[in-house]
Amino acid sequence: MSAESPEPTPVAEGKGEGRRARHHERLLAMVARSPFRSPLFWWLFEHHDELAVEAAGSRVGLPWSRLCSGFAEAGLTAVDGTAVKPETARKTWQRVRKEKARLRAQEAEAEAERALRRAQDPRRNMPSRMSGRYEAPLAEVQPRRAVGPPPPQPVSNLPAIVREEGADLPVDPSMIVMFQGEPLDLNIFVRPGVQEPWEKPGLSAEARQHIKLTMLTLRFEHWKKDRILDLNNPVDRERKRLNALRNA
Amino acid sequence: MPFETLKRDRKPVLMIVVGRQRVGKTTFLNALAQYLRGHGASFEIWDADKMNATNNMSLFHREALQPTSVDPEDVKAWLEQRFTDLVERRFDAMLDVGGGDTPLARLVAEVPIVPTLEDEGVRVVVVHVVGPDLADLDYLDRFEQDDLFAPEATLIVMNGGLVLSGRGLDFAFQQINDHDTITRSLTKGARIVEMPRLACMGAVTDRGLTFEDAMNGKVGSDGRNLSLLDRPRVRKWWTKELPEMFRRIPAEWLPERGDPERTDRTAAAE
């Protein structure tokens, strides 16, 4: 049976037969996707994570011969509708893994670009840029507009410049660091209503950027150590609020 | 230890640690020297801190060179010899001058040391170790004035070990970070790193142990090893927190690392 025209499964007799028929129907519905891919491809795609775990735990790989018997029973075929052979199954599995890796990379790149755009937006901390429900902060002083050099022009295929925690810091002009798997904008450590060292008069733009990055990185490092004793500190509260708004 | 002449395309590094007394200069330099040695770096250690008998570089690094006299003029002459040697033979070196009115400070007042050495192709790296007291910035302020002793490669090490236990780091260092002296140094290209606190630092150094030996439970000069919980404390500090700090220092400001296995073999052969 091919993916483009899934045939109705005959109604089976008996309890066991009925369950098997429903199982077949579910399988076939799952694999009815692109006609350019075999039903086997889509079944392996759907069960990629389970199979990957299985393969990782086995030193000899997946038992393709045994699996092929199961594929035949479930009505899964190669792209030309013929029964699946172990070698075909193995090659299809490689293609599935490649496709999964491609999709993961695509998603990571998109997320990095989104994080970069958020970081470069000079009005990123303004209420109008926040999706979902926005409530006025409890502080009497409103958050200031983010300062810094004008953002660079968008570049296609821009590599992710999200900095890993612990990497060399001072050379990267980005104000984004990763903390507990989430991007964290160092501007969260800017003190509202206080003249910051980089705002002192007479500094060049380059010096301002260097001082700001140095100071905010230090505050980030201090906060990581200090927060152990107070997980409900203002920065954590603000971080959670912003993450919730971003994920809403 | 036999020295290998540096490659011609790389500037030899002279790292000089300065600061008030008891801010952790020797602690920083000792940790850095142990770390870099462990990663295969070859460099000389110059220990001009003759006033500190209980915690100096020579105790932890037997190969460290020391002046034979404590007379300030003799030490000045000894330092001049060392600088000349470095320019001629081109190797990396670390200098611990101690605190207070040092012979180096006198030399700096007499001669423009930094430009002279930099003209000879030496990268002078001045490390200011400071704690959370404003007075800890005095050296930095003094040396920065008129560019007396202020190379582009200036590293400010904020010693988290000097913050009283239970006090927030950010709060403790706030007045230092906001100070004009720091802003001025950063404007000239200085870098700041924070040395993480090791609660049992005294227990390690008083026993004359290396950090590696301390975390592995080796017995110190008093015949005892570190306590059950101090060993993992040292391990976390030595293997995680300290390397994070060192990674933030520009690589060209540090003695060049090599192949640790090669160094181990060299040490074993000696």
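Here, every reference points to the structure presented above.
Just so it is clear, the model here is predicted, and its values are computed rather than measured.

Q: Just give me the short version of the overall build of chain A, but keep the residues and values in it.
A: Per the secondary structure count, chain A includes seven helices and two strands. Scanning chain A from its N terminus toward the C terminus, one meets helices and strands in the order α-α-α-α-α-β-β-α-α. In chain A, which comprises 248 residues, the share counted as buried stands at 36%. The long-range fraction of contacts in chain A, counting pairs at least 24 apart against all pairs at least 6 apart in sequence, stands at 57%. In the structure as shown, chain A presents an accessible area of about 15,500 Å², 56% of it carried by carbon and sulfur atoms.

Q: Give me the lowdown on the overall build of chain B, citing residues and values where you can.
A: When its secondary structure is counted, chain B shows 12 helices and six strands. In chain B, once contacts between residues fewer than 6 apart in sequence are set aside, the share between residues at least 24 apart is 75%. About 12,400 Å² of surface is accessible on chain B, with carbon and sulfur atoms providing 47% of the total.

Q: Account for the interface of chain B and chain A, with residues named and values stated.
A: Contact residues are listed per partner, giving 22 residues for chain B and 21 residues for chain A. In total, chain B and chain A occlude about 1,900 Å² of area from one another, counting both sides; carbon and sulfur atoms represent 55% of this. Summed over the three residues of chain B that lose the most area to chain A, namely B:Asp170, B:Leu186 and B:Arg248, the buried surface amounts to 29% of that side. At the junction of chain B and chain A, the tally comes to four salt bridges. Between B:Glu194 and A:Lys225 there is a salt bridge, and its shortest N-O distance comes to 3.4 Å. Viewed at the interface, chain A and chain B are joined by 11 residue pairs in polar contact (both at pLDDT 80 or more).

Q: So what about the pairing of strand β6 (residues 191-195) of chain B? Which residues, and what values?
A: All names here are of chain B. β6 sits mainly inside the fold: five of its five residues count as buried. The alternating pattern of β6 places Arg 191, Val 193 and Met 195 on one face and Ile 192 and Glu 194 on the opposite face, and all of these are buried. In terms of strand pairing, strand β5 (residues 154-159) meets β6 through five bridges, oriented parallel. Its bridge partner being in β6, Ile 156 is matched across the sheet by Ile 192.

Q: Outline the sheet that holds strand β1 (residues 13-18) of chain B, supporting the account with residue identities and numerical values.
A: Residues and elements named next belong to chain B. Spatial ordering of the open sheet is given by β2-β3-β1-β4-β5-β6, a layout of six strands whose pairing is parallel. Pairing within the sheet leaves two strands with one partner each, and these edge strands are β2 (44-47) and β6. Strand after strand, the sheet turns through a mean of 20° between neighbouring axes, direction not considered. Here β2 pairs with strand β3 (residues 93-96) via four bridges, running parallel. If you follow Ile 45 over to β3, its bridge partner there is Met 94. Running over the sheet, helix α7 (residues 169-177) touches β4 (123-130), β5 and β6 and is turned about 140° from β5.

Q: Tell me what's going on with the packing of helix α6 (residues 205-226) of chain A against α7(B), and back it up with residues and numbers.
A: Orientation of α6(A) relative to α7(B), taken along the N-to-C sense of each, is 155°, at an axis distance of 9 Å. Taken together, the axes of α6(A) and α7(B) are roughly antiparallel relative to one another. In this structure, α6(A) uses A:Met215, A:Leu218, A:Arg219, A:His222, A:Lys225 and A:Asp226 to contact α7(B), whose residues at the interface are B:Leu169, B:Asp170, B:Phe173 and B:Asn177. When grouped by side-chain class, the residues that make up the contact of α6(A) with α7(B) number four nonpolar, two polar and four charged.

Q: Provide a residue-level description of the environment of A:Lys212, including the pertinent values.
A: Residue and element names in this part refer to chain A. Note on placement: Lys 212 falls in helix α6. Relative accessible area serves as the criterion here: at 4%, Lys 212 is assigned to the buried category. As a C-alpha pair, Lys 212 and Trp 198 span 14 residues in sequence and 5.6 Å in three-dimensional space. Of the polar contacts made by the side chain of Lys 212, one reaches the side chain of Asn 187; its length is 2.9 Å.

What counts and how
Residues numbered from 1 in each chain as written. Chains lettered and ligands numbered in written order. Predicted model: local features only at pLDDT ≥ 70, side-chain atom pairs only at ≥ 80, totals over all residues. Heavy atoms only, no water. Helix = DSSP H or I, 4+ residues; strand = E, 2+ residues; numbered from the N terminus. Buried < 20%, exposed > 50% of the residue type's maximum accessible area, 1.4 Å probe, protein only. Contact = heavy atoms within 4.5 Å. Areas by Shrake-Rupley, 256 points an atom, 1.4 Å probe, with all protein chains shown as cover. Buried area = accessible area lost by both parts, 1.4 Å probe. Salt bridge = Lys/Arg side-chain N within 4 Å of Asp/Glu carboxyl O. Polar contact = N/O pair within 3.5 Å; in protein donor to acceptor, adjacent residues only side chain to side chain. Pairing = 2+ DSSP bridges. Axes fitted to C-alpha atoms, helices over the stretch in contact; angles between N-to-C directions. Parallel < 35°, antiparallel > 145°, perpendicular 65-115°, else oblique. Nonpolar A, V, L, I, M, F, W, Y, C, P; charged D, E, K, R; others polar.

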